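What the coordinates show
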Amino acid sequence: SSITATTLTDIVAFALGSSTTVLGARWFCFYAMVCVFIDYIYQITFFVALLVIDHNRTNAGCYDLCCCFKAPSDQLGVSEEGSTQQQRATSVREVRSTSKSYVVSYADFLLKPATKISVMTLFAALLVAGTMLALQVTADVNEKDLTPYNSQTDRFIEAFDELFEQDDGMFIADIYYHDLNVSDPAVRQQMLDFRHDLLGLGSEFYPPSPTFVEDFEAFLLESSDETYSLSFSDQLDA
C-alpha cells in the first residue's frame, strides 16, 4: 500500500507539472510520470514473481549462485527414495548454510586492504574518465525550450533570429512613435533628439529610416514666415 500511495502522489505531482508552458519542464514531467508508472507495474508483477521463484528454489534445495543445480542427495545425507519431510528440511538448511558460507567468504574478500584499494582505485578512475567525457559533451540547447510557449519572449526570439538570418547578422533598429502629439514643436524636437542619440551609438547600427518629422521640419525651414505661423493642420495642407 505504501508503494501504491507513493506512486500515485508522484504521478499526480508530475501530471500537474506537465501543465506548465515551459517546454523543457513539461517534457521532463511527461517522461518522469511514465517511468514512475512503468516502475510500479514492474514492482507488483515481475519483481514479486521473482521472489516466488526464489522461494521455490530455496524449498527445492537448489544452490544460491547456481540456481539451476540441485544439491546432490548423497552430499546432504538424504536418499532419493523414502525421504521424510524432516530430512528434506534438513537438506534445505544445509543448502542455506552453504549459501551463507559463500556470503561470508565474499565479505571477507571485500574487507581485505588490497581489495579496498583496488575498488577505490577503480571508482576513482571511473570518476576521472566520466568527468573528462562529460566535459567533451556538446548540447544544442534551444532557448525557446526554456520559455513559456507562445509568450512574448518566445516571439521575440523568433523575430530576432529571423532578422539575423535575413541581414547577415546585423540588427536593424527601426523607430516607432505612437501616442505623441506631433503638432507640438517641442515633441517633434524630442523625436529628432532621440534619433540623433541613436545615430551616436556607433557604426554597428544602421541609420534609422528618415521620418516624417525630419521632412516636415525641413519644409518649415524652407517656407515663408506666413506658412510657419499657420496651424499644424494648415501647415500639412500647405
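Treat the numbers as computed from the prediction; the structure is a model and nothing was measured.

Per the secondary structure count, the protein includes ten helices and zero strands. Its helices and strands in sequence order give the protein the pattern α-α-α-α-α-α-α-α-α-α, from N to C terminus. Looking at the 238 residues of the protein, the share that counts as buried comes to 16%. Of the contacts made within the protein by residues no fewer than 6 positions apart, 38% connect residues no fewer than 24 positions apart.

Moving on to a nonpolar patch on the surface. A surface patch of nonpolar side chains, amounting to about 720 Å² of accessible area, comprises Tyr-42, Phe-46, Phe-47, Val-48, Leu-50, Leu-51, Val-52 and Ile-53. Within the secondary structure, Val-48 sits in helix H2 (residues 23-60).

As a further point, take the packing of helix H1 (residues 2-17) against H2. Following both chains from N to C, one finds H1 and H2 inclined at 165°, their axes separated by 8 Å at the closest point. If you check the angle between H1 and H2, you find them roughly antiparallel. Taken as a pair, H1 and H2 cross one another with a handedness that is left-handed. In this structure, H1 uses Ile-3, Thr-4, Thr-7, Asp-10, Ile-11, Phe-14, Ala-15 and Gly-17 to contact H2, whose residues at the interface are Phe-28, Cys-29, Ala-32, Met-33, Val-36, Phe-37 and Tyr-40.

Attention now moves to the pattern of salt bridges. Following the criterion strictly, the structure yields two salt bridges and no others. With a closest N to O distance of 3.1 Å, Arg-57 and Asp-54 form a salt bridge. Placement of both Arg-57 and Asp-54 in helix H2 is noted, with a separation of three residues, approximately one turn of the helix. A salt bridge links Arg-188 to Glu-217, with the shortest nitrogen-to-oxygen separation between them at 2.6 Å. Placement of Arg-188 in helix H7 (residues 185-199) and of Glu-217 in helix H8 (residues 212-222) is noted, with a sequence separation of 29 residues between them. A relative accessible area of 22% places Glu-217 in the partly exposed class.

On to the side chain of Arg-188, then. Residue Arg-188 is classed as buried on the basis of its relative accessible area of 4%. With residues up to four places along the chain from it excluded, the contact list for Arg-188 reads Val-182, Ser-183, Val-213, Phe-216, Glu-217, Leu-220 and Phe-232.

Running from N to C, H7 and H8 cross one another at 120°; their axes reach a closest spacing of 10 Å. As far as their axial angle goes, H8 and H7 are oblique. Seen along the crossing, H7 lies across H8 with a hand that is left-handed. Each of Arg-188, Met-191, Leu-192 and Arg-195 in H7 lies in contact with H8, whose residues at this interface are Val-213, Glu-214, Phe-216, Glu-217 and Leu-220. Here the residues of the contact of H7 with H8 sort into five nonpolar, no polar and four charged.

Analysis parameters
- Residues numbered from 1 in each chain as written.
- Predicted model: local features only at pLDDT ≥ 70, side-chain atom pairs only at ≥ 80, totals over all residues.
- Heavy atoms only, no water.
- Helix = DSSP H or I, 4+ residues; strand = E, 2+ residues; numbered from the N terminus.
- Buried < 20%, exposed > 50% of the residue type's maximum accessible area, 1.4 Å probe, protein only.
- Contact = heavy atoms within 4.5 Å.
- Patch = residues over 30% accessible without salt bridge, like charges linked within 9 Å, V, L, I, M, F, W, Y side chains within 5 Å.
- Areas by Shrake-Rupley, 256 points an atom, 1.4 Å probe, with all protein chains shown as cover.
- Salt bridge = Lys/Arg side-chain N within 4 Å of Asp/Glu carboxyl O.
- Axes fitted to C-alpha atoms, helices over the stretch in contact; angles between N-to-C directions.
- Parallel < 35°, antiparallel > 145°, perpendicular 65-115°, else oblique.
- Left-handed = near helix turned anticlockwise from the far one by under 90°.
- Nonpolar A, V, L, I, M, F, W, Y, C, P; charged D, E, K, R; others polar.

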